[in-house]
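# Architecture at a glance
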Amino acid sequence: MKKKGNNNFNKRDDRPQRQSNFEGHQKKPDTRAKVNGGVFVYTKPVTVSELSEAINIPASAIIKHLFMNGKAVTLNQTLDDDTIGEVCLQFDYDFKKEKLVDATHFEELEIEDDPASLVERPPVVTIMGHVDHGKTTLIDAIRNSHITATEAGGISQAIGAYQKEVNGKKITFIDTPGHAAFTAMRARGASVTDIVVLVVAADDGVMPQTIEAIGHAKAAGVPIIVAINKIDKDGANPKRVKEGLLAHDVILEEYGGDVMSCEISAKKGIGVDALLEMILLVAEMRELKANPNRYASGTVLEANLDKGEGPKATLLVQNGTLQATDYVVVGEIYGKIRRMSNEHRQILKAATPATPVSVIGLSGVPQAGDRFMAFPSEKEAKSIAEARALEKKAASQNASAARSLSDLNNLVNEGSVTDINVLIKADTNGSAEALKASLEKLSTDKVRVKVIYTAAGAISDSDILLASASNAIIYGFNVRPDARVRQKADEEHVEIRLHRIIYELLDEMSAAIKGAVKIEKVEQILGQAEIRHIYKISKVGTVAGSYVISGLLKAGCSIRLLRDGLIVYEGKLASLKRFKDDAKEVKEGYECGLTIEGYNDIKEGDIVEGYELVEKE
């Protein structure tokens, strides 16, 4: 008699049977080694006895072979991977070490499909660029032509992702609210984009957000297609754009590089079809494939709480097929899909790889960038979600996304680091470029300094996210982060190193590369105060009525005066008062009056940052 179950998949006789994503990956890992078809497959180091039994070779023969090659081992001695491989090859076996992943950690699962089961999938494309360069106009041009071709009268977009069909092939486009969102998804391990289209206005050229977008695309390791927009405008100069990109290592094909470019006018629809064909060409070269006959896995693109329908999420299916009745685990929540629809609000029964869908039925609202996986039963989905929630709670206190300089020092000493990622923010573009060139010259044959992004201006939230996602250190030269950015850096475990003298910065990095960092004096930030009123007093000078917004200020402490995140003066407090009385210190949340030694050019809105140097090895 058949047992009744809630595995709805068993009822789908009209569809190809989907494989579990965890075939060969038990919930309780089986660490016993086995031989399949002349291949010794194992999951951890094994003893001589276990290897002998698995490959059916006498233990004495294995011990003898190793002894003749200078390795004395005993019957119960554990063998390392190199020795296991050596023995297998000696006795005509191939060998393979598998990584066991249980369902609780499905993000770590590396699915190896039979090439025969793979089919071509649409490329996933993100459009990025500087404000007012035509990113939104290009998105609308693609979206509107799509709606006109498929839905008479046009239907407004219901989700922030959509598909376009070109020459019988689909392209999936993702709307991201900005570069920060793009990077935040990567910071949580979500690699969703196959291609980045970089929009640059022909009449404006390479601008700060253009450079930022380049940095994000390079950090994600995805190919860039440059769309030179507004070629119909007066003053359009595509050549200037192409030459401007060279300075940021974006070398177009016509200059001998491998980056494709297309001249377009998104407003008039000129060149848009050519751009879409170019996307398909890049996708074809990348040979993007997936197996549709698996339970689905993918990434959350966006999510919100709908008043009428409850938690709603936009999912991008990246492997397998998502059925409208599947049970899904997303981050630490789960649910049975109650409704699944596309960007036109059309109800779908199934979604294949690279298809974006809107779903309802989850038990909570996930975060953008969370991974999801479908499972055959509610019991399994619920138990996995609960286990993941407990693990996240336990791990949150010890989470560390980025490396500190001391971490790098240790890793260099261990010989386990080859790249040091650095993000540079400076007071001017010239300083930033000079620092980039100087830092990259410090690279050795063993350790490479990789500057992933440079720009002029104050350190921002998006810089913290990029550093977190890229395991990078932020170097600030003549710029300072405000209290909110410092807090964000602490939350993301990103180290910010601040300097005003270039050789000190270079000496510090040089020491890290050599694995010999020794810091004698470390700067300790005391706090920051915002200047809210200015008083001119004869014989005293300029008195600043201030409010301490973080930490505290101490009488006579060293200070920096910051204006829009840039340092305009460094010196000491000449006086610190509470009302009419001198104060030794003033803490966060209190008002004070202060004067700066030898400096009177103070403005309302300036930030006074107090600090002291602490000796430390």
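The shown structure was predicted, so the numbers you read here are calculated from the model rather than taken from an experiment. (Residues numbered from 1 in each chain as written. Predicted model: local features only at pLDDT ≥ 70, side-chain atom pairs only at ≥ 80, totals over all residues. Heavy atoms only, no water.)

## Details of the pairing of strand β20 (residues 419-426)
Within β20, 7 of the 8 residues are buried, which leaves the element mostly enclosed by the surrounding structure. As judged from the 8 bridges shared by β20 and strand β21 (residues 448-456), these two strands associate in the parallel manner. Directly across from Ile424, in β21, lies its bridge partner Thr454. Where the polypeptide runs from β20 across helix α11 (residues 429-440) and back to β21, its parallel neighbour, the crossover connection is right-handed. Looking at chain direction, β20 and strand β22 (residues 472-477) are connected through 6 bridges and run parallel. If you follow Asn421 over to β22, its bridge partner there is Ala472. (Buried < 20%, exposed > 50% of the residue type's maximum accessible area, 1.4 Å probe, protein only. Helix = DSSP H or I, 4+ residues; strand = E, 2+ residues; numbered from the N terminus. Pairing = 2+ DSSP bridges. Right-handed = clockwise from strand over helix to strand, strands pointing away.)

## Comments concerning the pattern of salt bridges
Tallied over the entire structure, the rule returns 27 salt bridges. Taking the shortest distance from any N to any O, the salt bridge between Glu86 and Lys71 comes out at 3.2 Å. Placement of Glu86 in helix α3 (residues 81-90) and of Lys71 in the loop between α2 (59-68) and α3 is noted, with a sequence separation of 15 residues between them. Taking the relative accessible area as the measure of exposure, Lys71 reaches 30% and is therefore partly exposed. In this structure, a network of salt bridges that share partners links the residues Arg480, Arg486, Arg500, Arg560, Glu570 and Glu609. (Salt bridge = Lys/Arg side-chain N within 4 Å of Asp/Glu carboxyl O.)

## Quick notes on the confidence of the model for the chain
The predicted model of the chain averages 81 in pLDDT, with 81% of residues at 70 or higher. Within the model, the stretch residues 1-15 combines pLDDT values under 50 with 19 contacts to residues more than four positions away or in other chains. (pLDDT = per-residue confidence, 0-100. Contact = heavy atoms within 4.5 Å.)

## Let's talk about the nonpolar core
Of all hydrophobic cores here, the largest spans 27 residues; its most connected members are Leu138, Phe173, Val197 and Ile279. At the level of elements, β5 (124-129), α4 (135-150), β6 (161-166), β7 (169-174), β8 (195-201), β9 (224-229), β10 (260-263) and α8 (272-286) are the ones that each hand at least two residues to this core. No other element matches the 8 residues that α8 contributes to this core. Once residues lying within four places of it in the same chain are set aside, the contact partners of Val197 are Val125, Thr126, Ile127, Met128, Leu138, Ile225, Ala227, Leu275 and Ile279. (Core = buried A, V, L, I, M, F, W, Y, C linked by side-chain atoms within 4.5 Å.)

## Some words on the packing of aromatic side chains
Scanning all chains against the criterion turns up 3 aromatic pairs. Here Phe40 and Tyr42 contribute two aromatic rings whose centre-to-centre distance is 5.3 Å and whose plane-to-plane angle is 15°, an arrangement assigned as stacked. Here Phe40 matches Tyr42 in class, with each residue buried. Plain terms: the ring middles of Tyr569 and Tyr599 are 4.2 Å apart, the flat faces sit at 15° to each other, and that makes the pair stacked. (Phe/Tyr/Trp six-rings, centres within 6.5 Å; stacked < 30°, edge-to-face > 60°.)

## Regarding the sheet that holds β10
The strand order across the open sheet built from 6 strands is β6-β7-β5-β8-β9-β10, with neighbouring strands paired in mixed fashion. Of all the strands in the sheet, the pair left with one neighbour each is β6 and β10. Each neighbouring strand pair of the sheet contributes to a mean axis angle of 30°, computed without reference to strand direction. Strand direction decides the pairing type here: β6 and β7, joined by 6 bridges, are antiparallel. Considered in β7, the bridge of Lys164 is made with Ile171. Helix-sheet contacts for α8 involve β5, β6, β7, β8, β9 and β10, and the interaxial angle to β10 is about 170°. (Axes fitted to C-alpha atoms, helices over the stretch in contact; angles between N-to-C directions.)

## Description of helix α13 (residues 483-492)
Among all positions of α13, only Val485, Ala489 and Glu492 are buried. For α13, the angular spread of buried residues about the axis comes to 70°, placing them on one side. (Arc of directions from axis to C-beta.)

## Digging into the sheet that holds strand β12 (residues 297-306)
With antiparallel pairing, 6 strands are arranged side by side around a closed barrel as β12-β13-β18-β16-β15-β19. Strand after strand, the sheet turns through a mean of 45° between neighbouring axes, direction not considered. Bridge count for strand β15 (residues 327-330) against strand β19 (residues 371-375) is 4 bridges, and the pairing is antiparallel. Looking at the pairing, Val328 lines up with Ala374 of β19.

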